[in-house]
Amino acid sequence: MLNDYIVEYIYIIDDLIKNKSFYKAAKENIAIDKDYVEYLLSRNTLFRDGKNKLKLWKQLNLTVTEEGRLTSKITLNGVRTHVVVFNMQNYKLLKEIQEETIHK
């Protein structure tokens, strides 16, 4: 079951990178509007809803959040916006492991 969460995490980031649908964040991380991430996560509620998936990702250090929140705030065009910031170091590691597993 944990594998399902990781696969979904990788799939979402792969899609964001492919479509260039993200904002650059600190330390090479990428950010996406919180509502859009929740929409993507709600499309597959077989094992958990979107908010609970964000909680798990936070616990696994797959996202970068403000203390006590599931999101971060950034300023875009002078407006403070809630975003989900993806930890790209962990994404790259998980992607590498996934690729190794596929090619075995």
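Peer 1: Help me out: how do you make sense of the packing of aromatic side chains in this one?
Peer 2: Two aromatic rings are characterised by how far apart their centres lie and by the angle between their planes. Summed over all chains, the structure comprises four aromatic pairs. Measuring from ring centre to ring centre gives 5.1 Å for Tyr9 and Trp57, while their planes differ by 80°; the resulting arrangement is edge-to-face. Highlighted residues: Tyr9 in helix 1 (residues 2-19) and Trp57 in helix 3 (residues 50-59), separated in sequence by 48 residues. Residue Trp57 is classed as buried on the basis of its relative accessible area, which comes to 0%. With a centroid separation of 5.7 Å and an interplanar angle of 65°, the aromatic rings of Tyr9 and Phe86 are classed as edge-to-face. Taken together, the residues span a long stretch of sequence, with Tyr9 in helix 1 and Phe86 in strand 5 (residues 79-86) at a distance of 77 residues. Among the residues examined, Tyr9 registers a relative accessible area of 0% and is labelled buried. For Phe86, a relative accessible area of 0% puts it in the buried group.

Peer 1: Please clarify how the environment of Tyr91 should be interpreted in this entry.
Peer 2: Within the element layout of this structure, Tyr91 appears in helix 4 (residues 88-102). Among the residues examined, Tyr91 registers a relative accessible area of 8% and is labelled buried. The spacing of Tyr91 and Leu70 is 21 residues in sequence and 18 Å in space, taken between C-alpha atoms. Each residue touching Tyr91, except ones within four places of it in the same chain, is listed here: Tyr9, Ile10, Ile13, Asp14 and Ile17.

Peer 1: Got a minute to help me understand the layout of surface pockets in this structure?
Peer 2: Over the atoms rolls a probe the size of a water molecule, and its path tells where empty space is left. Its boundaries defined by the atoms lining it, the largest pocket holds a volume of some 160 Å³. Taken together, Glu8, Tyr11, Ile12, Asp15, Leu40, Arg43 and Asn44 make up the lining of the largest pocket. With four residues, helix 1 is the largest single contributor of residues to the lining of the largest pocket. Residues that form the lining of the largest pocket fall into these classes: three nonpolar, one polar and three charged.

Peer 1: How do you make sense of the nonpolar core when you look at a structure like this?
Peer 2: It is characteristic of soluble globular proteins that their nonpolar side chains tend to be buried jointly. Membership of the largest hydrophobic core comes to 21 residues, with the highest contact counts inside it found for Tyr9, Ile12, Ile13, Val37, Trp57 and Phe86. Setting aside chain neighbours within four positions, we find Ile13 in contact with Ile30, Phe86, Met88 and Tyr91.

Peer 1: Help me understand the pattern of salt bridges, please; the structure alone is not making it clear to me.
Peer 2: Opposite charge on two side chains lets them pair, provided their charged atoms get close. For the structure shown, the criterion picks out six salt bridges. Between Lys92 and Glu28 there is a salt bridge; the shortest N-O distance is 3.6 Å. Of this pair, Lys92 sits in helix 4 while Glu28 is found in the loop between strand 1 (23-24) and strand 2 (30-33), placing the two residues 64 residues apart along the sequence. Looking at Glu28, the relative accessible area reads 64%, which means it is exposed. One continuous salt-bridge network, built from bridges that share partners, spans Asp14, Lys95 and Glu99.

Calculation criteria
Residues numbered from 1 in each chain as written. Predicted model: local features only at pLDDT ≥ 70, side-chain atom pairs only at ≥ 80, totals over all residues. Heavy atoms only, no water. Phe/Tyr/Trp six-rings, centres within 6.5 Å; stacked < 30°, edge-to-face > 60°. Helix = DSSP H or I, 4+ residues; strand = E, 2+ residues; numbered from the N terminus. Buried < 20%, exposed > 50% of the residue type's maximum accessible area, 1.4 Å probe, protein only. Contact = heavy atoms within 4.5 Å. 1 Å grid on protein atoms, 1.4 Å probe; cavity = no way out; pocket = protein on both sides within 12 Å on 5 of 7 lines; lining within 4 Å. Points joined across faces, edges and corners; volume = space filled by probe spheres on them. Nonpolar A, V, L, I, M, F, W, Y, C, P; charged D, E, K, R; others polar. Core = buried A, V, L, I, M, F, W, Y, C linked by side-chain atoms within 4.5 Å. Salt bridge = Lys/Arg side-chain N within 4 Å of Asp/Glu carboxyl O.

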